[in-house]
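One-letter residues, chain by chain:
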Amino acid sequence: MSLPPDAAGTADRAFALLQDLLPQHLLSRAMHRVARSETRWVRDAILRFVLRAYPQINLGEAANPDPFAYPSFNAFFTRALKPGARPLAGGERDLVSPVDGTLSQLGTVSSGQLLQAKGMHYTAAALLADAAAARHYEGGGFACIYLAPYNYHRIHMPLAGRLTATRYVPGRLYSVNAGTARIVPELFARNERVVCEFDTELGPLAVVMVGALFVGSIETVFAGEINPPRTRGGLVSHIETGIGRPFARGEELGRFNMGSTVVLLLGHRATRFAERLASGTVLRLGQALARTE
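Not measured: the values here are computed from a predicted model. (Residues numbered from 1 in each chain as written. Predicted model: local features only at pLDDT ≥ 70, side-chain atom pairs only at ≥ 80, totals over all residues. Heavy atoms only, no water.)

Glancing now at the overall build of the protein chain. Scanning the protein chain for helices and strands turns up eight helices and 18 strands. In terms of overall size, the protein chain behaves like a compact globule, its C-alpha atoms giving a radius of gyration of 18 Å where 293 residues would be expected to give roughly 19 Å. Overall size of the protein chain, expressed as C-alpha extent along the three principal axes, is 55 × 45 × 40 Å. Sorting the 293 residues of the protein chain into buried and exposed places 51% on the buried side. For the protein chain, long-range pairs separated by at least 24 residues make up 76% of all intrachain contacts whose partners lie at least 6 apart in sequence. Here the protein chain carries 31 positive and 24 negative side-chain charges, and the mean point of each set is 4 Å from the other. (Helix = DSSP H or I, 4+ residues; strand = E, 2+ residues; numbered from the N terminus. Rg over C-alpha atoms; globule rule 2.2 N^0.38 Å. Buried < 20%, exposed > 50% of the residue type's maximum accessible area, 1.4 Å probe, protein only. Contact = heavy atoms within 4.5 Å. Lys, Arg positive; Asp, Glu negative; His and termini not counted. Charge placed at Lys NZ, Arg CZ, Asp CG, Glu CD.)

Here it is as structure tokens:
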């Protein structure tokens, strides 16, 4: 049963306040360790809890459908799909969803801003931790996609491109669900994240992997696990590994532990999102997001 708007707003504010009081990074470090435990009873206990809590998990499309065949919960959580389970829609000029998830917001980067929730915005410069890079996306399209714990948690390329920059940006670890997004200002620009930028035939592309509460790590296929460890002093880290590497459309880029969010920015002013897309639309990896003209 859904709450009335006033009660829902109160619940969102209470949850956001609770997160301010929690030791966010300590809890995430603990989750990182437990999720990778190969102690059988630990793995089995977490698996049984998660499988009961999230009946939406589709084991039939996993490359290995037996959850207890994985050495750890994290290995199960970041499981691969069967070949062909996510065909790519359209052609090379079509932007596709890089993940399974739920569309939070989409639109145009206007005056350097992206929509977070009704009446709330954040800047591309803050999200990317680079004001100069942010200018390349002015007037282009953006999409924010939330991954729930039951989703497939590998991230793939929405377009073919060549890696030009990777930045690890330290920050908080708020939950990134819809309730927190309605309450916490500049949520995605405050949370810990990994920014990957690419040159594509359609212009610059940014894939921003945003961490969240209990997200024990973000890793990429070219640099491995980027966090943890975390930087001291809140400094942005520029990662040189992989610079210049080409990626095919649909190729795996990285993965999350637990649910989180991916924000896409495409610096092409003629980006046209599919008409059926709106906040709350459920997406699958490879589904068409936008066409460029």
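Resuming the write-up.
Look at helix α3 (residues 40-53): 20 Å from first C-alpha to last across 14 residues, which is about the 20 Å you get at 1.5 Å a residue. Restricting attention to buried positions, one finds in α3 the residues Val42, Arg43, Asp44, Ile46, Leu47 and Val50. (Expected span 1.5 Å × (residues − 1).)

On to the sheet that holds strand β18 (residues 288-292), then. Read across the sheet, three strands follow the order β1-β18-β16 without closing on themselves; strand pairing throughout is antiparallel. Single-partner strands in this sheet number two, and they are β1 (94-96) and β16 (271-273). On average, each strand axis in the sheet is inclined to that of its neighbour by 30°, with strand direction left out of account. Pairing between β16 and β18: three bridges, direction antiparallel. Within the sheet, the bridge partner assigned to Phe273 lies in β18 and is Ala290. (Pairing = 2+ DSSP bridges. Axes fitted to C-alpha atoms, helices over the stretch in contact; angles between N-to-C directions.)

Quick look at the pattern of salt bridges now. As a working rule, side chains carrying opposite charge can pair if their charged atoms are close by. The tally for this structure, following the rule as stated, stands at 12 salt bridges. For Arg36, the salt bridge identified is with Glu225, shortest N-O distance 3.2 Å. Highlighted residues: Arg36 in the loop between α2 (24-35) and α3 and Glu225 in strand β11 (residues 224-227), separated in sequence by 189 residues. (Salt bridge = Lys/Arg side-chain N within 4 Å of Asp/Glu carboxyl O.)

Let us look at the sheet that holds strand β14 (residues 252-256). Reading across from one edge, β6-β14-β10-β11 is the order of the four strands in this open sheet, with antiparallel pairing throughout. The open sheet terminates on both sides in strands that have one partner only, identified here as β6 (154-156) and β11. Pairwise comparison of adjacent strand axes, ignoring direction, gives a mean angle of 30° for this sheet.

Throughout the structure, instances matching the rule amount to seven aromatic pairs. Judged by centre distance (5.7 Å) and plane angle (70°), the ring pair of Tyr70 and Phe76 falls under edge-to-face. Each ring, one from Phe73 and one from Phe77, has its centre 5.6 Å from the other, and the planes form 45°; the classification is tilted. Taken together, the positions of Phe73 and Phe77, both in helix α4 (residues 73-77) and four residues apart, correspond to about one turn of that helix. (Phe/Tyr/Trp six-rings, centres within 6.5 Å; stacked < 30°, edge-to-face > 60°.)

A word on the environment of Val263. Locating Val263 in the fold gives a position in strand β15 (residues 260-266). Exposure remark for Val263: the relative accessible area of 0% places this residue in the buried category. Spatially, the C-alpha atom of Val263 lies 17 Å from that of Thr164, the residues being 99 residues apart in sequence.

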